[in-house]
Amino acid sequence: MSQPTHIHKVSNEAKQQARLSEEQYQRMYAESVNDPDSFWREQGQRIDWFTPYNRVKNTSFAPGKVDIKWFEDGTLNACYNCVDRHLAERGDKTAIIWEGDSPEVQDEISYRTLHKEVSRFANGLKKLGVAKGDRVAIYMPMVPQAAYAMLACARIGAVHSVIFAGFSPKAIADRINDCEAKLIITADEGRRGGKTFGLKDNVDEALADNRCPTITHSVVCQVTDGEVNWQPERDVWWHELVADVSHECQPEVMNAEDPLFILYTSGSTGKPKGVLHTTGGYLVYASMTHEYVFDYREDDIYWCAADVGWITGHSYIVYGPLANGATTLMFEGVPTYPGIGRIGEVVDKHQVNILYTAPTAIRALMSKGDAAAKTSSRDSLRVLGSVGEPINPEAWEWYYEKIGNSRCPIMDTWWQTETGGIMITPLPNVNDLKAGSATRPFFGVEPGLVDNDGKSLTGATEGNLVIKQSWPGQARTLWGDHERFEQTYFSTYKNQYFTGDGARRDDDGDYWITGRVDDVLNVSGHRLGTAEIESVLVAHKAISEAAVVGFPHDVKGQGIYVYVAPMTGVTADEALTAEVREWVRNELSPIATPDFIHWSEGLPKTRSGKIMRRILRKIAANEHDNLGDTSTLADPSVVDSLIKHRLNK
Ligand code: 6R9
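Residues numbered from 1 in each chain as written. Predicted model: local features only at pLDDT ≥ 70, side-chain atom pairs only at ≥ 80, totals over all residues. Heavy atoms only, no water.

- The protein appears in an unreviewed UniProt entry as Acetyl-coenzyme A synthetase from Idiomarina xiamenensis 10-D-4.
- Quoted verbatim from the Catalytic activity (unreviewed entry) field of UniProt, the annotation for the protein is "acetate + ATP + CoA = acetyl-CoA + AMP + diphosphate".
- Per UniProt, the comment on the protein under Sequence similarities (unreviewed entry) is "Belongs to the ATP-dependent AMP-binding enzyme family." (UniProt positions renumbered as here; feature names shortened; annotations may be inferred.)

### Remarks on the site of the ligand
Piece 1. Surrounding the ligand, one finds 17 residues, the nearest of these being Asp412, Thr413, Thr417, Asp501 and Arg527.
Piece 2. The contact in question runs from a nitrogen atom of the ligand to an N or O atom on the backbone of Thr413, over 2.8 Å.
Piece 3. Residue Arg516 places a side-chain N or O atom 2.8 Å away from an oxygen atom belonging to the ligand.
Piece 4. In the complex, the protein chains occlude 96% of the 530 Å² of accessible area that the ligand would expose alone.
Piece 5. Within the residue set of the shell around the ligand, elements represented by two or more residues are α12 (311-323), β21 (410-413) and β28 (511-516).
Piece 6. Of the residues assigned to the shell around the ligand, the class counts are 6 nonpolar, 6 polar and 5 charged. (Near = heavy atom within 4 Å. Polar contact = N/O pair within 3.5 Å; in protein donor to acceptor, adjacent residues only side chain to side chain. Areas by Shrake-Rupley, 256 points an atom, 1.4 Å probe, with all protein chains shown as cover. Helix = DSSP H or I, 4+ residues; strand = E, 2+ residues; numbered from the N terminus. Nonpolar A, V, L, I, M, F, W, Y, C, P; charged D, E, K, R; others polar.)

### A few points about the pairing of strand β30 (residues 526-529)
Piece 1. On β30, burial covers both faces: His526 and Leu528 on one face and Arg527 and Gly529 on the other are all buried.
Piece 2. Taken together, strand β29 (residues 520-523) and the strand that follows it, β30, pair antiparallel across an intervening segment of 2 residues, in which Ser524 is found at a positive phi of about 50°. (Buried < 20%, exposed > 50% of the residue type's maximum accessible area, 1.4 Å probe, protein only. Pairing = 2+ DSSP bridges.)

### Considerations on the pattern of salt bridges
Piece 1. If you walk through the whole model with that rule in mind, you get 42 salt bridges.
Piece 2. Across the pair Asp510 and Arg440 runs a salt bridge whose closest N-O atoms are separated by 2.6 Å. With Asp510 in the loop between β27 (497-505) and β28 and Arg440 in the loop between β22 (433-434) and β23 (447-450), the pair connects residues that are 70 residues apart, well separated along the chain.
Piece 3. Exposure remark for Arg440: the relative accessible area of 23% places this residue in the partly exposed category.
Piece 4. Close ionic contact of Lys541 with Glu579 constitutes a salt bridge, the shortest N to O distance being 3.5 Å. (Salt bridge = Lys/Arg side-chain N within 4 Å of Asp/Glu carboxyl O.)

### Side note on the nonpolar core
Piece 1. With 192 residues, the main nonpolar core has Leu114, Ile185, Tyr319 and Phe443 as its most contacted residues.
Piece 2. The element contributing the most residues to this core is helix α7 (residues 144-156), with 10 residues.
Piece 3. When residues are assigned to domains, this core turns out to be shared by domain 1 (107-255) and domain 2 (524-645), each giving three or more.
Piece 4. Each residue touching Tyr319, except ones within four places of it in the same chain, is listed here: Ala78, Cys82, Met150, Leu151, Ala154, His160, Leu260, Phe261, Tyr282, Leu283 and His314.
Piece 5. Formed by 17 residues, the second largest nonpolar core is a distinct cluster that contains Ala547, Leu603, Ile615 and Leu642. (Core = buried A, V, L, I, M, F, W, Y, C linked by side-chain atoms within 4.5 Å. Domains from an automatic or database assignment. Contact = heavy atoms within 4.5 Å.)

### Describing helix α8 (residues 169-179)
Piece 1. Listing the buried residues of α8 in full gives Pro169, Ala171, Ile172, Ala173, Arg175, Ile176 and Cys179.
Piece 2. Positive phi appears at Glu180, one or two residues downstream of α8, with a value of about 50°.

### Regarding the domain arrangement of the protein
Piece 1. The domain boundaries assigned to the protein delineate domain 1 (107-255) and domain 2 (524-645).
Piece 2. A straight line from the C-alpha centre of domain 1 to that of domain 2 covers 37 Å.
Piece 3. Taken together, the 8 residues of domain 1 in the interface contact 7 residues of domain 2.
Piece 4. Taken together, the two surfaces of domain 1 and domain 2 that pack against each other cover about 480 Å², and 57% of this comes from carbon and sulfur.
Piece 5. Where domain 1 touches domain 2, the interface holds 3 residue pairs in polar contact (both at pLDDT 80 or more).
Piece 6. Its residues assigned to classes, the side of domain 1 that touches domain 2 comprises 4 nonpolar, 2 polar and 2 charged. (Buried area = accessible area lost by both parts, 1.4 Å probe.)

### Describing the sheet that holds β27
Each strand in a sheet pairs with another by means of backbone hydrogen bonds, the pair being arranged parallel or else antiparallel.
Piece 1. Sheet architecture is open: 5 strands sit in the order β24-β23-β25-β27-β28, paired in antiparallel fashion. Pairing within the sheet leaves two strands with one partner each, and these edge strands are β24 (456-457) and β28.
Piece 2. Summarising the sheet, β23 and β24 pair through 2 bridges and their orientation is antiparallel. The partner of Val450 across the bridge, within β24, is Ser456.

### Details of the UniProt feature "modified residue: N6-acetyllysine" (unreviewed entry) in the protein
Piece 1. UniProt's entry tags Lys610 with the feature "modified residue: N6-acetyllysine" (unreviewed entry), counted in the numbering of this structure.
Piece 2. When near neighbours in sequence (up to four residues on either side) are disregarded, Lys610 contacts Pro604 and Lys605.

### Overview of the sheet that holds strand β13 (residues 235-237)
Piece 1. Read across the sheet, 8 strands follow the order β13-β12-β9-β7-β8-β15-β16-β26 without closing on themselves; strand pairing throughout is mixed. Looking at the sheet topology across the chains shown, the edges are occupied by β13 and β26 (477-478).
Piece 2. Along the sheet, α8 makes contact with β7 (135-139), β8 (159-162), β9 (183-187) and β15 (259-265), crossing β15 at roughly 140°.
Piece 3. Taken strand by strand, helix α9 (residues 200-207) contacts β7, β9, β12 (217-221) and β13, and its axis lies near 150° from that of β9. (Axes fitted to C-alpha atoms, helices over the stretch in contact; angles between N-to-C directions.)

Below, the structure is given as structure tokens:
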């Protein structure tokens, strides 16, 4: 490390407030990895089971035999656990605080109301023929109905697949077709940063010309009252669907290993992966991590500022907090609207105790000095969290001082769509903090570092991050493609789960995540496969070849640098560049918008025809002084020309 480590030790006073003493924590961790069966047998009790489980852990990471089962003979319902079981003691407690895009708009939904709304919508889904095991796509803005829709699916045993509201019609269609969804739930429009954006229009386009033959209906929630096209035989208004249904809907009895949801995420090939989570283990893990990592207490107001379209929204806006009977805040807007102080203003307004957000948001606020901290006191805050990408020490310290008033510990939580819940993190007032380090594995998690040959590394070192044994929140498979699941996560290093991330372990045994070691970019905390963007690019009529790499970006963490070779006879001018930028936005997502589009007649290739990305990465990062070995290049002159015309100077 080039810079000194900023250490924040837990004070003796703070230790008194901790949920666990250092000794208890050590003992609990040791038990969790040495005797997972007995540890999780006890922890599994934190949720309600219709039929108790006898068998706890039955898992194999063996080549060709990857099979993961937890609590396999137990039955339960995730929606029942998130809603019904709280009615007796917490019926009037607020389950969801909804903060609108405009600071003037808000709503509070009690557990009783949540029960009613979810049950009604579940009955509506049944009326449309949705049954246990059917897949349902959800393409919604950040409104409470998004959570109702997820929970209603869980209630009747349908498998939801939430598609982030920023995705394009093509991305929607691909995701629907991969899991053969029967129905899609959407809204007329969404609101963000004072603007509206169309959702139903995108769904209409995705479904046009029978492109998604498995879809029978689209259910449309009226959010903005904006104008929409209507196909009466297919489209159903949410409010009309539930107008005459019962408020009672028996939760379906689900096996612990029945699917709860699919969530598509980017991998190193062009095709998104349908990560599958099942019911029992996922819920136990989401609930336990939510309680311990944030030191959640009964009267806390808890705010995870993610989007429900991502795994963070699934586990830490919806399932984890609601399983714990918490009050979870759902925010429709963005951190910078109507002003840079919005996050703190929302904290003050609702007296938020726990705030969980992403480094990219923190860096965006930080770029405006301390203006973000001027309009609020944030005195109610007790614990802060960070997720989605490595947090650089400067952003960590800014978050600590300016947002947390130098008194709230920051939980830097490392995890993934595939892990279901938080994997490496400190615990509040238990572990000393180091700015930029996710520190320690959570209970039941046994990380390891291996070199490129799979040799296990000990002591303070750097390597590829693997997890050595199963934990309950782990994804079970990729929808319809178990072989790809094994191939992606269990074939690189035998008998271990490969995360795709690199990490460093320091002398104290604390982990520092260094970022992806595969062809996956992390742009503002969003995962994007370079191959995914490349396949969209080469589908454009003017482009013959494309290579996409990431480069360090001050706010977004990583930016997108695109190298494109034009088709013969095409002149690459500004208009074409603008057109290609729009093309990527529309075909994939605005998140994938290239920062730089670099036209070049040729790309640097080896004599065997492989594009040398290592060189392209260096040029994009403006680090071309040290290109390393270029002797295998077929035509070294291409490199000189690329350097000369580089865009990130
Ligand atoms: C939860 C989530 C997963 C990838 C992961 C890693 C990066 C997430 C991080 C972090 C460093 C952290 N990542 N949290 N890197 N420190 N605290 O983000 O899931 O969208 O699947 O992304 O994000 O590279 O592999 P997902």
